[in-house]
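Residue-level listing of the chains:
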Amino acid sequence: MNKGNKLYEGKAKIIYETKDKNLVIQHFKDDATAFNNLKKAKIEGKGVLNNRISEYILNNLSQSGIKTHLIKRLNMREQLIKKAEIFPIEFIVRNIATGSLTKRLGIPDGTNLEKPLLEYCYKNDELKDPLISKEHILSFGWATENELRYIDRSTLRINDILTGMFRAIGIKLVDFKIEYGKAWNEESGKKEIVLADEISPDTCRLWDAKTEKKLDKDRFRKDLGNIIQAYQEVARRLGIMPEETNISEVNFGKTIPIKFKKK
Ligand code: UDP
């Protein structure tokens with residue numbers, strides 16, 4: 001599948017057109033950002049790892065009946081995906097309190113939540129992705145009641161599947177963010193809701209079950225170092241990144257700060 005024009009460039013990915021109007025190519029960059037773009041760096045090899053990890057996770061979800069945008073991984077950094085009209089909402093699931101939840105509500109870091117907590121944020125960089133309620137989503141028409149009911153159920157199901165998948169490899173799924181879109185379904189001849197974007201250590205908090213060592217983007221946010229080693233550890237435990245992968249062409253593990261401004 002040949003790459004066409006660039007359609008969109010985000011913080012960690014680029015989307016390219018293909019000859020098929022319903023399909024696009026998703027390219028994983030090495031760029032990392034945190035704190036609404038205040039902290040930026042290039043972490044060499046991150047894109048390669050996230051491409052693999054997200055492919056593995058979405059394929060697993062798909063086997064459990066979750067509809068996703070992923071068609072197939074094309075190469076080290078790219079996936080062929082369905083073009084989706086993305087809902088402007090981040091769906092966040094929390095199993096253990098940490099990050100913005102602890103800051104916002106004063107809940108002690110590491111508190112196990114009795115049941116998964118679902119939060120919505122409005123996807124808007126300028127407004128710093130504010131937390132919103134279901135009523136905001138319905139009131140402003142960002143999704144319909146039926147769409148939201150479907151997405152909520154799917155999101156909690158994804159949490160169950162992923163929690164089990166990570167528990168099996170000695171990792172606690174602390175929280176994660178997912179996105180959904182509407183994409184064309186060839187068979188039904190209609191648009192349908194699909195899980196979009198990516199699921200990777202960039203979008204999840206993953207703690208080693210025994211030591212609680214962070215194996216995710218918090219290593220970057222909190223300057224803990226060994227970011228790539230942590231992402232590689234996740235890939236290794238999932239049983240991916242086999243020998244066939246030629247990682248020698250990327251300079252693994254090097255972090256190049258682009259800009260760092262204190263808040
Ligand atoms: N998250 C994400 N993208 C965002 C905001 C959050 O992938 O733009 C993920 C984040 O990695 C974590 C979860 O969503 O796994 C909850 O994040 P939180 O609200 O605690 O965000 P923080 O402000 O601490 O990054």
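Residues numbered from 1 in each chain as written. Predicted model: local features only at pLDDT ≥ 70, side-chain atom pairs only at ≥ 80, totals over all residues. Heavy atoms only, no water.

Draft legend 1. Here's a closer look at the overall build of the chain. Along its length, the chain carries six helices and 15 strands. For 263 residues, the compact-globule estimate of 2.2 N^0.38 gives 18 Å, and the C-alpha radius of gyration of the chain, at 18 Å, lies within 12% of that figure. Across its three principal directions, the C-alpha atoms of the chain cover 50 × 45 × 40 Å. The burial tally for the chain puts 50% of its 263 residues in the buried class. (Helix = DSSP H or I, 4+ residues; strand = E, 2+ residues; numbered from the N terminus. Rg over C-alpha atoms; globule rule 2.2 N^0.38 Å. Buried < 20%, exposed > 50% of the residue type's maximum accessible area, 1.4 Å probe, protein only.)

Draft legend 2. Region of the structure containing the site of the ligand. Surveying the vicinity of the ligand reveals 14 residues, the closest of which are Arg94, Ser100, Asp175, Arg205 and Arg221. A distance of 3.2 Å is found between an oxygen atom of the ligand and a side-chain nitrogen or oxygen belonging to Glu90. Here Arg94 contributes a side-chain N or O atom positioned 2.7 Å from an oxygen atom of the ligand. Protein chains shield 79% of the accessible area of the ligand, which is 510 Å² for the free molecule. Only strand S9 (89–96), strand S12 (171–185) and strand S14 (204–208) provide two or more residues apiece to the shell around the ligand. Among the residues forming the shell around the ligand, the class breakdown is three nonpolar, three polar and eight charged. (Near = heavy atom within 4 Å. Polar contact = N/O pair within 3.5 Å; in protein donor to acceptor, adjacent residues only side chain to side chain. Areas by Shrake-Rupley, 256 points an atom, 1.4 Å probe, with all protein chains shown as cover. Nonpolar A, V, L, I, M, F, W, Y, C, P; charged D, E, K, R; others polar.)

Draft legend 3. Region of interest: the packing of helix H1 (residues 46–63) against helix H4 (residues 145–167). Orientation of H1 relative to H4, taken along the N-to-C sense of each, is 120°, at an axis distance of 11 Å. The orientation of H1 with respect to H4, classified from their angle, is oblique. Pair H1 / H4 crosses with right-handed handedness. Seen from H1, the contacting residues are Tyr56, Ile57, Asn60 and Leu61; seen from H4, they are Ile158, Ile161, Leu162, Met165 and Phe166. (Axes fitted to C-alpha atoms, helices over the stretch in contact; angles between N-to-C directions. Parallel < 35°, antiparallel > 145°, perpendicular 65-115°, else oblique. Left-handed = near helix turned anticlockwise from the far one by under 90°. Contact = heavy atoms within 4.5 Å.)

Draft legend 4. Here's a closer look at the nonpolar core. Membership of the largest hydrophobic core comes to 53 residues, with the highest contact counts inside it found for Leu61, Ile158, Leu162, Phe166, Tyr180, Leu195 and Ile199. In contact with Ile199, other than residues within four places in its own chain, are Ile53, Ser54, Ile57, Leu58, Leu61, Leu162, Ile178 and Cys204. Among the nonpolar cores identified, the runner-up in size contains five residues, and Ile14, Tyr16, Ile25 and Leu80 belong to it. (Core = buried A, V, L, I, M, F, W, Y, C linked by side-chain atoms within 4.5 Å.)

Draft legend 5. Summary view of the confidence of the model for the chain. On average, residues of the chain carry a pLDDT of 93, and 92% of them reach 70 or more. The least confident element of the chain is strand S15 (residues 255–260), whose mean pLDDT is 53; the most confident is S9, at 99. Note on residues 259–263: pLDDT is under 50 here. Beyond four places in sequence and across chains, it has eight contacts. (pLDDT = per-residue confidence, 0-100.)

Draft legend 6. Inspection of the pairing of strand S3 (residues 23–28) at higher detail. Counting buried positions along S3 gives six out of six residues, so the element sits mostly inside the fold. Taking every second residue as pointing to the same face, both faces of S3 are buried, with Leu23, Ile25 and His27 on one and Val24, Gln26 and Phe28 on the other. Bridging between strand S2 (residues 13–17) and S3 involves five bridges; their strand directions are antiparallel. Counterpart to Ile14 in the pairing with S3 is His27. Counted along the chain from S2 to the antiparallel partner S3, the turn is five residues long. Sheet analysis places S3 next to strand S7 (residues 78–82), joined by five bridges and oriented antiparallel. Within the sheet, the bridge partner assigned to Ile25 lies in S7 and is Leu80. (Pairing = 2+ DSSP bridges.)

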